[in-house]
Every structure is written in structure tokens, then in C-alpha cells.
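These are the residues of each chain, in order.
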Amino acid sequence: MKKEKLEDYSLSKNSKKKQQPFKLGIVGCGSMGQEIAITASQHGIDVVFIDITDERIEGIMRSINEQLDAMIRHWGMTEGDKKAVLSRIKGYLGYEVLRECRLVIEAVNTKKPVNSLELRRNIFKKIEAAVCNNTVIASNASTKVIDDLSVSLEKPERAIGLHFLSPAYDVKIVEVNKSWKTSEEAYEQTLKFAKMIDKQPINVNGTPGNISTRLIIPLINEACQMLMEGVSTIEEIDVCMKLGYGLQHGPFAMADKIGIDKLMRWMEGLYLEYGDVKYKASPIIKRLVRAGLFGQRVGEGFYCYENGQRTEKEGSIYNLGRMK
Amino acid sequence: MKILVLNCGSSSIKYQLFNIEDEEILAKGIVQKIGMNGSFLENKRSDGDKVKLEGEILDHESGIGYILGVLTSEQHGSLKSLDEIDAVGHRVVHGGEEFNSSVLITNEVVKKMEECIDLAPLHNPPNLKGIYSMQELLPSVPQVGVFDTAFHQSMPAWSYMYAIPYSLYEKYGLRRYGFHGTSHRYVSKRACEFLKLNYENQKIITCHLGNGSSIAAIKNGKSLDTSMGLTPVEGLMMGTRTGDLDLGVLLYIMDKEEIGTQAANTLINKHSGVLGISGVSSDMRDVEDSAADGNERARLALDMFHYRIRKYIGAYVASMGGVDVIVFTGGIGENGPESREEICKDFEYLGLRFDHEKNKGLRSKEADLSQTDSNVKVVVIPTDEELVIARDTFEIVKGS
């Protein structure tokens, strides 16, 4: 069959300049960055992500591949879907590929317990230097105020908070955190993206911690407090909340799922912002982090995990340390 | 009169251009991967000219723009100008309870179609995009909507209702609607023309068997029952869909595998059926080859596929009080002599005498597969949904 260029066959009416297809940029493709990339690609959006070395880019693509395989094992996808999703995600070293993106999300995953504000500001600055005038720059940060990040931008009105909850491909909402400077255009563009990926946008007016992080942290802290008081066991506190309030996970299982190290960083961020003890990391959280028991990701936290199965730890609070 | 038929999917558009007086297809083709990388348009003209046009197709409107562009082009076109297009017919998947026949598209009709989106959230929006685009590109050309569900709107309530609280039917319109209606209507009528029978007093069972399969009981020219329901997942075992399933099984799986509605939807629509059982493929030819090589699961998948069709035929014989004609159509129905043979066995008690010799090797053409003394006629009728859409469009535009 003969092959020709499509553009030679456009109707004059149709030849008018159209907007380019929506392309998403992601800077920092850790676990959440990867989930956002998968989610967007599942909805037909081309995704480019930036990371710092070729090895890391390869590792990220491997990890995305594994996540897609897990989705197939859990019936959420077919091999054909996987191929299509992978074909739309590409990793690069240089920021210049962000030029064609209509939205760029900063999703830096800082493993170190340090304040990531400067790092994120720098990334915002680099993104702005690479993108077009009307590109929206968003941050997935859980506990940062978008105003604090956008000060590094020449056009702070393009900055917005866009907070995904994990796993981003399953959770049906996304928190859209406007600052007082965010323009209507940037906000509308962000809502359009939320619609494209089939998420319900939850409007948040310029608060660090959004709604989800501010509410989950006191719950987990209070559960730890009850544990320390000997009120009940990990399992029973979880079952109580799960069955009592119809939650998908109890507070401890939720902490393990989020990652206890990440949780502690959120707690420190919100405590720094609000100075309220309800956000101050519980000693149990700190103890688990020191022991490297970060939860489900590493196979042990409040519970143990083997082959995807969660098992209870024997004993009480005193046995929260590493299992033998 | 020249009629353009469009079938807009989520990322594709199939089209055929008819000269309706002699029902000649002047051109046909497909636009693929709309809004994605690697999008293209393939056009085939009646004289054999074929071309693949590669480039960016951002949305349905530009896809349709390119279709009109190639149809009027010097090199590969079939029309001198767009003025030659007299009407456009659209395939619309779900017409809900609102539409029991094809209609001329007006603003009021579009509004009602938009109200049906909830019932087919994956299919109706792209169908509507095609309509909006045509209203924009060819505003003075009449458009007609032909609904997959319309033919089955004749089903009586005792046939289409689900045994769920009635309030849920009232609240959400949850009931059997059925699909492939255009195909069931066409092949049942055509079978009667072919067999020289009066359509108005026959009991016909139409088996549309393809990657998606459905079966319908048509009594005196009206659909009495059909196997697909609110969605196309109910009924026969299909390439990748479960077909009928104990609802308790799905609840059990969701609980044990800890999956939500999204994964459950993928499980029942994409991982199941012939593919799920055989583990080989959703394509019947691959599964038949594998079964012939001794793959037991492939054999099981085929046995299940055939058995379930026989079971439905039996049920529809009971519901109509007999059967005069059984029609095979769709990819497997038209091209699967082995499947037809398996499905038609053991129906001697109905007086059906299947002609095994005529069936052997018969593919893609009209044929009577029953012996002359058979009480029940078995026929193969290749389906032609695009032609039905073009004919309906012609009738409606002529009438208006």
C-alpha cells in the first residue's frame, strides 16, 4: 500500500492551526512520579520525565514495567494495554524536552529527612526556563505551600499544587491547591488535565498538607498514642476503624502503605508549618524510621509483608522492632 | 444519492461512502490512533486504489476533516466536491429507551443522545463527537443516527427487565437493551428474502458470533429477546468477555483478589471468555489450531463457547414456541464451519437436518446449510451494518 503524508489531504477549514496534543512533563520520577506517568499514559497522554542519570531512567522504566505487570496480575490491564502505556512514556536527562508540555509536574521524592523547599524551588526555576509561556507548573508536594515554591518563578501565576494520592492510577481524586497568585488560566488547564485522566478535582485553597495529608496525620498519630497507652493492639485498632467507619485500611495499615519514612517527613513539614502537636511525629513513628522499618515497601513496618500478604507481628508495642 | 456512513470509536473512525441507488461502495477506510502517536488514515477506493496517510490526527473533527479531504482529493478521491455528499449516517451504540428506530439528527435528538451517555460512557461520547464534527464541517448536510439498541426496543418488559428492585430500573434505567441490533435486523430480514419466507410470521434465531457475540430471538419480525444486556458483557461467552456469570463469582473475586470496580471491569471484559479459558488467544482460529494440537484448555474453551450458544438456542426455541430459521453471521458465524457444525448438532429433535457437506469450507457467503426436508432452516448471511445505516439514512432523508 502506498504511504503518503496526511497533511497534504487536510480540508482548508481544517488546516487552521490547532492546539498541540496535551503532553505532560514530570520532573523527579520516584514512586509517585511513576504512578502519575502511568495514569496519564493510560488515558492516552504522552509523558516525558526528567531524571539525573541514564541508569536512573532505565531503573524507572524497569519499575514502571514491573508496576504494569503487577496490574496485569491483578486483572487491571492486558498485555496490549501495557504496550500502549509504555509507548507513551519516555525519560530524558535534559529539561529542554519539557518545551512541548502543557503541564509539568514536579514530583521530587526526597528520601532524606531535610526540608526540600530549596530543592523544589530550584526545580521550578529550571522548569520555567525550559517551557513555553503558557505551560502550567505544578507541584505534587504534600506539605509545601505553593506560594513558597512559586517565588522562584518569573511568572508565579502559572504555579499550582496538584496532589495525587497513591496509587495514583486507582485513587479517583486529585487535590488542586491554588495559591492566591494562581491564574484562572492555569487553574482551568489543571482542571482540564484532571478531567482527561478521569479524576475528580478537589479544590483546596492554599493550605499546606491539602485535605488528605492534614486529616490522615492526626489519625495515625492518635492511633500511635493509643498504642503507647496500651488501649488496644495494632490489629484491633485497624479493624475498629476499617469496619467501624468503612475505611479501606486502618491507620496502621495505611501508615505502612504510605511509607513510614514519608509519613514522618509529612509530619515534620506540617509541624514546622502549623506548630501544632497533633502533627508532631509520634515516638513510635520515629522509632520505626530509625530501624528502617518503612512499611509495606520494605516488607516490614507496623505489620510484616511477605509475597504481598500482610501478617500481624506477635506481641505488643515493645516488639515493634525488626522481626527475626 | 451519495451517503457517507461513519462509525466513530474512542480512537478510531470507520467510514464507507455509498452510492445508495445501486448500493455501490465508492470508498471505505479507517482512521486509527486519534490523539495518539502514529495516527493514520487508510483509504480504499472501489477501483482498488489504496493509500495509507500518516500524520498527526489530534481529534475526531480533524480525523473527519482528513476523511473528507481524501474523499475529495485528486489522487485518491471518489468525489469531485463535498457538495456531492447528500447525507451522513452515524452508528450510535446506545439509544436507551428513547430511540426505537433510526432518526434524523436534530438539536433535540442530540440532547437526548447526550442523556444516554451514562448508559454507554465508553461508546456514546465518540459517536457524538462524530455528529458534532459533521455539524461543524458539513452544516447543511442532513445526518441520521442508527442505534445498536433500537431493534431490540420491541422486547416485552418480562423479557428485558432484570430481577432487581424496580426502583433501580426507574432511577437509572437498568434493564436489558441488547446490542448488534442493526446486524440482527439486517440478517434476519435478509435470511427471509434469501429463503423466500414472509418475515412477518417467522420465528428466527440470529447468532451474531465474532469477538463480541450476541444472539437474538426474533418473532414475527420483532426482537423478543437478546443475550446482551445493559452492557455488552452479558450473554454468550466471547473472545475476552465472560458472558453470563453468577454475580456471586464476581463479588467473591473482588473480595479475594482485593480489586475495585475498574479492575473487575477489565477482568470481565478483557481477561475472560475464550482467552481466559484457553490461555491461547481470543481469536477463534488460533484456539481451534491449538485444540487440534491437543491443547485441552483450548478444547474446553471451544466446547464452552459452542455449548452456551446451543443453550441459548434451546432457551429461545422455548420462549418463541419453536424456531423456523437459525441465522449465522459475524466473523465466526460467517467463517467458522467447525463452530456452526458443533452448534447445530443434537437439534434433530427440533426437526433440524443439518447439511454437513454444504457447511464444509463455506465462508463469507450466503448459503442454506439445511437439508431440503429440514423443519428448521439454517443459513449463513454475511452481516453488513454499514449498508443498513446507509439504507436507513436514505429512507429517512428521502422521507424528510
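Residues numbered from 1 in each chain as written. Chains lettered and ligands numbered in written order. Predicted model: local features only at pLDDT ≥ 70, side-chain atom pairs only at ≥ 80, totals over all residues.

## A short note on the overall build of chain A
Okay, step 1: The secondary structure content of chain A amounts to eleven helices and eleven strands.
Okay, step 2: Relative to its length of 324 residues, chain A is compact, with a C-alpha radius of gyration of 21 Å against a globular reference of 20 Å.
Okay, step 3: Once the C-alpha set of chain A is aligned to its principal axes, its extents read approximately 75 × 45 × 40 Å.
Okay, step 4: Counting all 324 residues of chain A, 42% fall into the buried class. (Helix = DSSP H or I, 4+ residues; strand = E, 2+ residues; numbered from the N terminus. Rg over C-alpha atoms; globule rule 2.2 N^0.38 Å. Buried ≥ 20, exposed ≤ 12 C-beta atoms within 10 Å, placed from the backbone.)

## Section: the confidence of the model for chain B
Okay, step 1: Per-residue pLDDT for chain B averages 94, and the proportion of residues at 70 or more is 100%.
Okay, step 2: Taken together, the chains of this predicted complex give a pTM of 0.83 and an interface ipTM of 0.73. (pLDDT = per-residue confidence, 0-100.)

## Looking at the interface of chain B and chain A
Okay, step 1: Across the boundary between the two partners, chain B contributes 28 residues, which contact 24 residues of chain A.
Okay, step 2: Sorting elements by how many residues they give to the side of chain B that touches chain A places helix H1 (residues 60-71) of chain B first, with six residues.
Okay, step 3: Split by residue class, the side of chain B that touches chain A holds twelve nonpolar, eleven polar and five charged.
Okay, step 4: The pairing of strand E1 (residues 2-5) of chain A with strand E5 (residues 50-54) of chain B spans four bridges and is parallel. Note on E5(B): the bridge partner recorded for Lys5(A) is Glu54(B). (Contact = placed C-beta atoms within 7 Å. Nonpolar A, V, L, I, M, F, W, Y, C, P; charged D, E, K, R; others polar. Pairing = 2+ DSSP bridges.)

## Notes on the domain arrangement of chain A
Okay, step 1: Under the domain assignment used here, chain A contains domain 1 (20-205) and domain 2 (214-319).
Okay, step 2: Distance between the C-alpha centres of domain 1 of chain A and domain 2 of chain A: 27 Å. (Domains from an automatic or database assignment.)

## Thoughts on the pairing of strand E6 (residues 136-139) of chain A
All names here are of chain A.
Okay, step 1: Across the two faces of E6 the burial is the same, with Val-136 and Ala-138 and Ile-137 and Ser-139 all buried.
Okay, step 2: As judged from the four bridges shared by strand E5 (residues 103-106) and E6, these two strands associate in the parallel manner. By the bridge assignment for E6, Ile-105 is matched with Ala-138.
Okay, step 3: Looking at chain direction, E6 and strand E7 (residues 159-164) are connected through three bridges and run parallel. In the strand pairing of E7, Ile-137 is matched with Ala-159.

## Considering the domain arrangement of chain B
Okay, step 1: Partitioning chain B into structural domains gives domain 1 (2-147) and domain 2 (196-385).
Okay, step 2: Relative placement of domain 1 of chain B and domain 2 of chain B: their C-alpha centres are 30 Å apart.

## Description of the sheet that holds strand E1 (residues 2-8) of chain B
Strand pairing in a sheet takes place through backbone hydrogen bonds and is either antiparallel or parallel in direction.
Okay, step 1: Strand order across the open sheet formed by nine strands is E1(A)-E5(B)-E4(B)-E3(B)-E2(B)-E1(B)-E6(B)-E8(B)-E7(B), with mixed pairing between neighbours. Each end of this open sheet is capped by a strand with a single partner; those strands are E1 of chain A together with strand E7 (103-104) of chain B.
Okay, step 2: Taken together, the six bridges between strand E3 (residues 24-32) of chain B and strand E4 (residues 40-45) of chain B define a ladder with antiparallel strand orientation. Across the sheet, Lys28(B) pairs through a bridge with Lys44(B), a residue of E4(B).
Okay, step 3: Along the sheet, helix H3 (residues 124-137) of chain B makes contact with E1, strand E2 (13-19), strand E6 (85-92) and strand E8 (143-147) of chain B, crossing E6(B) at roughly 165°. (Axes fitted to C-alpha atoms, helices over the stretch in contact; angles between N-to-C directions.)

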